[in-house]
Amino acid sequence: MRYIANTGADRRAMLAAIGLSSLEELFHDIPQEVKDRFQPLELTVRSEMEVAQVLKELVTLNSCQQSSISFLGGGVYDHYIPSVVSHITSRSEFYTAYTPYQPELSQGTLTTMFEFQTLVCELTGMEVANASIYDGASALAEGVLMAKRIVGNGRVAAAQSLFPHYRRVLDTYCWAAGIKVIEIPYTNAGTCDLTALPQDLSSLVIQTPNAFGVIEELKGVKERLKDALLIVVTNPISLGILAPPGQFRADIVIGEGQPLGIPASFGGPFLGLFATRERYLRQMPGRLTAQTVDAEGKIGYTMAIQTREQHIRRERATSNICTNSQLCALAATVYLASLGADGLHELATLNLEKAHYLAQRITALPGYRLAFEAPFFNEFAVRVPTDPQAIRARLKEERILLDDPRFLSALGAPNTLRFAVTEKRTKDELDRLVELLEAM
Amino acid sequence: MTHPTQFRYTKEHEWVDLEGNHAKVGITEHAQGELGDIVFVELPTVGTDVKKGENLATVESIKAVGDVYAPMSGTVVEVNTQLESSPETINQDPHGAGWLVILEVSDPSEADSFLDAPSYEQYLSEG
Amino acid sequence: MNTIFDHKLAKGVGGLLPALDVPEQGIEKLIPSSLRRTHAPRIPNLSEPELVRHYTHLSKVNYGIDDGFYPLGSCTMKYNPKINEDLARLPGFANAHPLADEDLVQGSLKLLYEASRYLCRIAGLVEVTLQPAAGAHGELCGMFLVKRYFEKRGEEKRKRILLPDSAHGTNPSSATIAGFSVTEIPSGKDGMINLATLEEALDDTVAAIMLTVPNTLGIFEERILEVTNMVHAAGSLCYFDGANLNAFLGRARPGDMGADIFHFNLHKTLSAPHGGGGPGSGPIAVAQSLVDFLPVPRIVKDENRYRFDWNSPHSIGCIHSFYGNFGVILKAYAYLLLLGDTGLREVSENAVLNANYLQESLKQTYPLPYERLCKHEFVLSGKGLGEGISALDIAKRLIDYGFHPPTIYFPLIVPEALMIEPTECEGKETLDRFIEAMERIAAEAKENPRLLHEAPQYTPVRRLDQTRAARQPILTYPFDER
Ligand SMILES: Cc1ncc(COP(=O)(O)O)c(C=O)c1O
């Protein structure tokens, strides 16, 4: 087989060295009963060419993906990924390495982890960030568990305007941990309604921009929380323009790193961003890299504060996470470095301007209006005059894709369509969408 | 003898310096050596009531977490806050400046079952 | 080691993004100032050549499987076929949005469906969820299933999880996060579970046992059927940690051993690369009794159409944003197609042969605490090799000989553990070089221990000061000190 280096002669020599006469004997410790029940997959060996063919046929079943114009969003965005990102992540010194347990052989991974932690802190305005969690939703669940450990209270308040996929994962983890999730409604403007904020919470979870695309007003929220921690879920690209949650005294900031140079890839692998305050360092989940010096005084990087983690603290670890999303963190690091601060600002501005252009054109059509008045970033919700499913189906015929309005009606916003607009959407595409709506 | 004779010792490698109903508690020279470079210490808050055998403090090196159990029941009346910024004090002077907490104990006779220094060292050599 | 932040923060690189093609309104008009950022994040603006050189340099101070032997026990560092990387990048797969209508992503759905069918058959169990993003996530999902199972049966008093003391740290941690308490059971002298000890530990408060098969000593539990029968007889469930599946791929199935839940590590056994720490994929397969509790949505097939099924009233809900790490699952799927049944058998054959050959050759020089036929890995002890010599010293000296060290200090029941897993991909030639290096190191430990204590010598950095990193952790770039 092509991934195996031993020859028949090697195998015979090795068996002889072990003192066995057949390969079968290597498995004599597996009960015969078990071996007898074995059933194969009924798969023949295939050449690389044949396998490529199978996959290429499968991919043609993803009919619309190539030529369509996507306004899909809801936490996963169609941003341009510069070539440099995949060229760097394709270097096999990076992608074929394991977790950097041996720092002397892993300075590449460790240095980029350190860069990543720094970038996440710069974006979010927080003091410490870990090297990643699986995805945004599981990062949020980890954040809520962490807040419970710190505050000791078994209740969390979560904004209703959270993306549904965050909420579902949160509900599962909280059920198992015995944490009660209390839902916080939203106002007519689409922002979180804190007038009747419950007491005795371990945390409050707010997402900004939220599931309607609306930017939340974070100012003064922390001040109302007493002991409870403020957990903010955010979109990292929006932080090219928006004030970092750290500025509003957030205790934990969570994000989905997918917009940072990671393909949609049908929902994974993604990148959970997790940042917090230095005072909560010991309660943090996930891996951390620290700068230190080697035996000769040279600066180098190593994993640190591992006593929080499962391999040392076992049943009392702050999280069970081991394998995380390192290569996606590398992609995000290279992506941000390729943009620079100016590029990120420019990118966020393109998203903002194009989204507002489209929103203004759509809402100039009779019967169409913004579902919520509050400011938005690159995604917005529109109340439509006719059946939103019919509008969406019509647009789909023209290969224009929108999110299913059921997501929003489930959040209490009926007859509403959501549009996500990235730098990839051209004016022609936006105008075409408006023309089609107008013609309906 | 590396372990001071005026202290009493537990098999969990803690030392207790009992004066009246005040017990000063630390970890032994042997324990700090096993843990290696201590990098972090978590101490209870003053006023906490602890029962004998309950977790009292945590002492961490890079690769291990050492639990310090309350050798006696009582109330924490003082903690060694210096350790928060210089945990290495435990490595440098485990029986002196590296003390962890002072307990006001409810039953001084709980110390009767502890080892004296020679017995503790005997215990270590059998280990 | 330089970071990007050591480069200038200069302005004016630009040219990356298209010009704005709609009438500009200005941020000031669109976003109230109270919501806007006042300070730019400190991200340097590098030219592309500078950027590429920086990361190319960093890649050169990293070591992956493509660089050489990587016998990291428990991690199954096998070769990652290049074709899989290309296939995962096919634009139709890479750009598929998880919220797109099902009819637009039939290819992705079909791939997930078929991958889950193959995984079911490998496990010898009836249903699979692909949602877990890594092994530990699979464990957590499995523990959630166990919890829901007993909740539905009204047996909430089953709150304990049994674990052998050789278990990986994620096992006890996953169990606790799911709300269970953990009872460790000591391994017998032969490194396996002692049936009498198990009998004693089992009662009506035990929800499940978490086993690793073969265990983390690389030993197959010969009495696995007795163990799982006893657990089932006590009304508890058997969770199998599948990190070590490479040992019996193509010749035995966990379901036939009594597993109720089994997690895969696709980034170990099924060749998806580890990415320097992730992403992984940790699907779990389950027995019939747990199917109803699996996460939603499930992927189902009606005639020739694939779709999501959200209708599962007893489900634990979701544990991942979407359907799991598609890009990783795709690589495992392609690997199964490449190998076929014969290839899978050859994997376990060569993995186990390689491990036994190394074990046999090294046990003369290094203490082997549990001496018996091993599976895909084995554990030596570095204890007693020389005055003051630790497993860490041996590991570091191996680096000087050009090898990635084995896993050290795990499992916890072996002092100064050196856990060695060669995988099927290495040939005898490499193994012989490794044996030679290990023998020389053992000799050096006696004759010239400084070589070990001061190793590694030829790496871009020498041994790092971990104590300093822990006492005053510098976790972000110290901009202010620049
Ligand atoms: C035996 C064992 N169980 C569980 C895990 C956890 O798997 P993952 O890192 O994919 O979360 C590992 C991996 O390190 C392992 O070796």
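Source: prediction; values computed, not measured. (Residues numbered from 1 in each chain as written. Chains lettered and ligands numbered in written order. Predicted model: local features only at pLDDT ≥ 70, side-chain atom pairs only at ≥ 80, totals over all residues. Heavy atoms only, no water.)

(A) Layout of the overall build of chain C. Counting secondary structure elements, chain C contains 15 helices and 12 strands. Dimensions along the principal axes, computed over C-alpha positions, put chain C at roughly 80 × 65 × 45 Å. Counting the 482 residues in chain C, one finds 68% classified as buried. The contacts of chain C with a sequence gap of at least 6 include a subset with a gap of at least 24, amounting to 71%. Approximately 15,700 Å² of chain C is accessible, and the part contributed by carbon and sulfur atoms is 47%. Taking the average location of the 49 positive side-chain charges in chain C and that of its 59 negative ones, the two points are 4 Å from each other. (Helix = DSSP H or I, 4+ residues; strand = E, 2+ residues; numbered from the N terminus. Buried < 20%, exposed > 50% of the residue type's maximum accessible area, 1.4 Å probe, protein only. Contact = heavy atoms within 4.5 Å. Areas by Shrake-Rupley, 256 points an atom, 1.4 Å probe, with all protein chains shown as cover. Lys, Arg positive; Asp, Glu negative; His and termini not counted. Charge placed at Lys NZ, Arg CZ, Asp CG, Glu CD.)

(B) The interface of chain B and chain A, seen in detail. Every contact between the two is made by 10 residues of chain B and, on the other side, five residues of chain A. Summed over both sides, the interface of chain B with chain A buries roughly 640 Å², with 46% coming from carbon and sulfur. Sorting the residues of chain B by area buried against chain A places Phe 40, Glu 60 and Val 65 of chain B first, and these three jointly supply 52% of that buried surface. Applying the counting rule to chain B against chain A returns three salt bridges. (Buried area = accessible area lost by both parts, 1.4 Å probe. Salt bridge = Lys/Arg side-chain N within 4 Å of Asp/Glu carboxyl O.)

(C) How the structure looks around the sheet that holds strand 12 (residues 379-383) of chain A. Residue and element names in this part refer to chain A. The three strands are arranged 11-12-14 in an open sheet whose pairing can be described as antiparallel. Edge positions in the sheet fall to strand 11 (369-370) and strand 14 (416-420), since each has one partner strand and no second. Bridge analysis of strand 11 against strand 12 gives two bridges, and the strand direction is antiparallel. Paired with Leu 370 across the two strands is Val 382, which belongs to strand 12. Helix 10 (residues 326-363) rests against strand 11, strand 12 and strand 14 of the sheet, and its axis sits at about 5° to strand 12. (Pairing = 2+ DSSP bridges. Axes fitted to C-alpha atoms, helices over the stretch in contact; angles between N-to-C directions.)

(D) Here's a closer look at the nonpolar core. With 212 residues, the main nonpolar core has Leu 204 of chain A together with Leu 198 of chain C as its most contacted residues. Residues in contact with Leu 204 of chain A, not counting those within four places in the same chain, are Ala 157, Ile 184, Leu 194, Leu 197, Val 221, Leu 225, Leu 229, Leu 230 and Ile 231 of chain A. (Core = buried A, V, L, I, M, F, W, Y, C linked by side-chain atoms within 4.5 Å.)

(E) View of the side chain of Thr 459 of chain C. Relative to the elements of secondary structure, Thr 459 of chain C occurs in the loop between helix 14 (450-453) and helix 15 (466-471). Overall, the relative accessible area of 14% leaves Thr 459 of chain C in the buried class. Here the side chain of Thr 459 of chain C touches Val 461 of chain C through a polar contact of 2.6 Å, landing on its backbone oxygen. Setting aside anything within four residues of it in sequence, one finds Thr 459 of chain C in contact with Glu 104 and Leu 105 of chain A together with Ile 399 of chain C. (Polar contact = N/O pair within 3.5 Å; in protein donor to acceptor, adjacent residues only side chain to side chain.)

(F) The arrangement of the domain arrangement of chain C in detail. Residues and elements named next belong to chain C. For chain C, the assigned domains are domain 1 (4-60), domain 2 (83-338) and domain 3 (347-467). A C-alpha centroid distance of 30 Å is found between domain 2 and domain 3. Between domain 2 and domain 3, the residue contacts involve 25 residues of the former and 19 residues of the latter. Across the domain 2/domain 3 interface, buried area totals approximately 1,700 Å², and carbon plus sulfur atoms make up 58% of it. Linking domain 2 with domain 3 are two salt bridges, by the criterion used here. (Domains from an automatic or database assignment.)

(G) Up close: the site of the ligand. Surrounding the ligand, one finds 15 residues, the nearest of these being Thr 323 of chain A together with Ser 74, Asp 241, His 267 and Lys 268 of chain C. Residue neighbours of the ligand fall on chains A and C, so the site bridges chains. Tyr 98 of chain A places a polar side-chain atom, nitrogen or oxygen, 3.4 Å from an oxygen atom of the ligand. Contact distances for the ligand include 2.5 Å between a nitrogen atom and a side-chain N or O atom of Asp 241 of chain C. Here the ligand has 390 Å² of accessible area as a free molecule, and 99% of this is covered by the chains. (Near = heavy atom within 4 Å.)

(H) Representation of the packing of aromatic side chains. All names here are of chain C. Under the counting rule described, the total for this entry stands at 35 aromatic pairs over all chains. Ring centres of Phe 93 and Phe 326 lie 5.6 Å apart, and the angle between their planes is 45°; this geometry places the pair in the tilted category. Placement of the pair is Phe 93 in helix 4 (residues 91-94) and Phe 326 in helix 11 (residues 326-362), with a sequence separation of 233 residues. Between Phe 403 and Phe 434 the ring centres are 5.3 Å apart and the planes differ by 85°, which places this aromatic pair in the edge-to-face class. (Phe/Tyr/Trp six-rings, centres within 6.5 Å; stacked < 30°, edge-to-face > 60°.)

(I) Here's a closer look at the packing of helix 7 (residues 136-151) of chain A against helix 8 (residues 164-177) of chain A. Residue and element names in this part refer to chain A. Helix 8 packs onto helix 7 with a crossing angle of 40° between their chain directions and a minimal axis gap of 8 Å. By the angle class used here, helix 7 and helix 8 are oblique. At the point where helix 7 passes helix 8, the crossing takes the right-handed sense. Seen from helix 7, the contacting residues are Gly 136, Ala 137, Ser 138, Leu 140, Ala 141, Val 144, Leu 145 and Lys 148; seen from helix 8, they are His 165, Tyr 166, Val 169, Leu 170, Tyr 173, Cys 174 and Ala 177. For the contact of helix 7 with helix 8, the per-class residue count stands at 11 nonpolar, three polar and one charged. (Parallel < 35°, antiparallel > 145°, perpendicular 65-115°, else oblique. Left-handed = near helix turned anticlockwise from the far one by under 90°. Nonpolar A, V, L, I, M, F, W, Y, C, P; charged D, E, K, R; others polar.)

(J) Looking closely at helix 9 (residues 224-233) of chain C. Burial in helix 9 of chain C covers these residues: Ile 224, Leu 225, Val 227, Thr 228, Met 230 and Val 231 of chain C. Against helix 2 (32-36) of chain A together with helix 8 (195-201), strand 4 (206-212), strand 5 (237-241) and helix 10 (254-257) of chain C lie the buried residues of helix 9 of chain C. Positive phi shows up at Gly 235 of chain C, right after helix 9 of chain C, with a value of about 80°.

(K) Quick peek at the interface of chain C and chain A. With 208 residues of chain C at the contact, the number on the chain A side is 191 residues. Interface area for chain C against chain A, summed over the two sides, is near 17,200 Å², with a carbon-plus-sulfur share of 63%. Summed over the shared surface of chain C and chain A, the result is 11 salt bridges. In this structure, the salt-bridge partner of Asp 21 of chain C is Lys 354 of chain A, at a minimum N-O distance of 3.1 Å. Here the element with the most residues in the side of chain C that touches chain A is helix 11 of chain C; it accounts for 27 residues. For the side of chain C that touches chain A, the class distribution of residues is 112 nonpolar, 54 polar and 42 charged.

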